[in-house]
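# Coordinate analysis (summary)
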Amino acid sequence: MEEQKTELKMIRMSEVRSQEVKWLWYPFIPYGKLTIIQGDPGDGKTTLVLNIAAKLSKGEHLDNDMNVQEPVNVIYQTAEDGLADTVKPRLELAGADCEKILVIDESDKSLSMADERLEEALVKTGAKVLILDPIQAYLGGGMDMNRANEARDMTKKLGALAEKYQCAILLIGHMNKASGNKAAYRGMGSIDFFAVARSVLLVGRIEGEPNTRAVVQIKNNLAAFGHPKAFMLSETGFRWLGDYEITADEVLGGIAPKANKLEQAKQMLRELAETTNMVQSNEIFEMADKQGISKRTLENAKKELGIQAKKINNSWYWELDAVKQR
C-alpha cells in the first residue's frame, strides 16, 4: 500500500515570536508544559498534589516560589481513589475551596489522555492545572506505554494541549521495581514519558524519618534544578517543611542523608556566637562553603535563628547576639 505523501511545510525562525516560560512553581512546575511527579506507591505523591491543588484553589502558595495571584480552577482526575470517601475528605483536610476543584465525570466512559473531553474541560473551566493520577490509568484501551512510538504520540498530544491553553499538566506516576537504576529509568513505562516532560519530580521516603517525605527534581529542561524540598505527614495532616538537604540517590537507595545541612549551619552559627558578637557576612559564607553548606541553606539558618544583618562602612555583618539567647 502506497504511503500517503505529506505536504512539506517550512518554518522560518525569523518569523517565530520568542516567549518566556511562565511558571506556576519555579523551577518545578512550568505553565504550558508537562510535569511528571513520580515515586513508589504510598510515598505521598497524591498527598503533595492535593495539597498544592488546595492552596491554588484559595489563591495561596505552598512555597514562596509559587506564582499565585488569585484562586484558580484545578481539574483533578484519579482512577485510584474514591471521590466521596477519599479525595473530598483529603481536600477538606487540606483546606481546599472545593468549588474550584473539578472532575470530569467518567461514569459513561473512562477518560484517556487523547480524549477530546480534556480540551473541552479546559475551555469550559479555564483551569490552569490539570492532574492525571496515575499516568497508567489514562492511556486508553490498547495503548502500550512501554512502546516508545505510542508513548511519544500520546505525550505529544498532551504537550500541545498544555501549550495551547498555557495550562500546567501534572502526570502522577508510580516507579517500577528496578532498584539501583537511575531515577529516569524507574518511571513506569517508556522512557519517552520522561523525555517529553520538561520537569520531573521524585517523591520518596527519607530513611530514619518515617513521617517525612522528600521532593527532589531529577529533570529540568527549562531552568537550573530546584533545591530539594520536604514535607511531613501525620495524623493531623500535611505540613510543608521547605528546603531539605538530600539527593535523589539517597531517596532511591533508602540511605539516610549524610547530614542535615540546615542543622549543621545552625550549629556553625551557634559556635561562632560563643566567641564573637559580630562577623562579616563574607567570612561566614566562606566558612559554610568549606563545610559544603550552600548559601541558601545558610540564609535559612540565619532566618530561623533570628540573626540580623547590619551594614558598617560598606560591608555587611551578621549580629550573633540573638543566637546566644536561644
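Residues numbered from 1 in each chain as written. Predicted model: local features only at pLDDT ≥ 70, side-chain atom pairs only at ≥ 80, totals over all residues. Heavy atoms only, no water.

### Things to note about the overall build of the chain
Within the chain, the regular secondary structure consists of 10 helices and 14 strands. Counting only residues that meet the buried cut, the chain has 45% of its 326 residues in that class. Sequence-distant contacts in the chain: of pairs separated by 6 or more residues, those separated by 24 or more amount to 63%. As displayed, the chain offers around 18200 Å² of accessible surface, 46% of which is attributable to carbon and sulfur atoms. (Helix = DSSP H or I, 4+ residues; strand = E, 2+ residues; numbered from the N terminus. Buried < 20%, exposed > 50% of the residue type's maximum accessible area, 1.4 Å probe, protein only. Contact = heavy atoms within 4.5 Å. Areas by Shrake-Rupley, 256 points an atom, 1.4 Å probe, with all protein chains shown as cover.)

### Here we look at the pattern of salt bridges
Counted under the stated rule, the structure contains 15 salt bridges. Across the pair D63 and K229 runs a salt bridge whose closest N-O atoms are separated by 3.3 Å. Taken together, the residues span a long stretch of sequence, with D63 in the loop between α1 (45-57) and β4 (74-78) and K229 in strand β10 (residues 229-234) at a distance of 166 residues. In this structure, D63 and K229 share a single accessibility class: buried. Across the salt bridge formed by D81 and R90, the nearest N and O atoms sit 3.9 Å from each other. Given a relative accessible area of 25%, D81 falls into the partly exposed group. Each of D63, D65, K229, D243 and R296 takes part in a single network of salt bridges with overlapping partners. (Salt bridge = Lys/Arg side-chain N within 4 Å of Asp/Glu carboxyl O.)

### Observations regarding the nonpolar core
The biggest cluster of nonpolar side chains holds 36 residues, and the ones touching the most others in it are M113, L118, L132, L158, I169 and L171. Of all the secondary-structure elements, those providing two or more residues to this core are β3 (34-39), α3 (116-125), β6 (129-133), α4 (148-165), β7 (168-174), β8 (199-206), β9 (209-220) and α6 (248-253). With four residues, the single largest contributor to this core is α4. If near-sequence neighbours (up to four positions away) are discounted, L132 is found in contact with Q77, M113, L118, Y138, L158, L170, L171 and I172. Membership of the second largest hydrophobic core comes to 35 residues, among which are I29, V72, I101 and V215. (Core = buried A, V, L, I, M, F, W, Y, C linked by side-chain atoms within 4.5 Å.)

### Notes on the side chain of S315
Tracing the sequence through the fold places S315 in strand β14 (residues 315-319). Within the structure, the side chain of S315 is placed 3.4 Å from the side chain of Q280, a separation counted as a polar contact. (Polar contact = N/O pair within 3.5 Å; in protein donor to acceptor, adjacent residues only side chain to side chain.)

### Focus on the sheet that holds strand β12 (residues 278-280)
Here we have three strands laid out as an open sheet, ordered β12-β14-β13, and antiparallel in their pairing. Taken across any chain shown, the strands that pair with only one partner, and hence form the sheet edges, are β12 and β13 (308-312). Strand-to-strand twist in this sheet, taken as the mean axis angle between neighbours without regard to direction, amounts to 35 degrees. One ladder, built from three bridges, connects β12 with β14; its direction is antiparallel. Within β14, the position partnered with M278 by the bridge is E319. (Pairing = 2+ DSSP bridges. Axes fitted to C-alpha atoms, helices over the stretch in contact; angles between N-to-C directions.)

### Describing a nonpolar patch on the surface
Among the surface-exposed residues, I11, M13 and V16 lie close enough to one another that they form a single nonpolar patch of about 350 Å² accessible area. Position of V16 relative to the elements: it lies in the segment before β1 (23-25). Among the residues examined, V16 registers a relative accessible area of 40% and is labelled partly exposed. (Patch = residues over 30% accessible without salt bridge, like charges linked within 9 Å, V, L, I, M, F, W, Y side chains within 5 Å.)

### Concerning unusual backbone geometry
Here Y26 and P27 are connected by a cis peptide whose omega angle stands at -10 degrees. Here P27 shows up in the loop between β1 and β2 (29-30). The omega torsion across D133 and P134 is 0 degrees, close enough to zero to call that bond cis. Looking at the element boundaries, P134 is found in the loop between β6 and α4.

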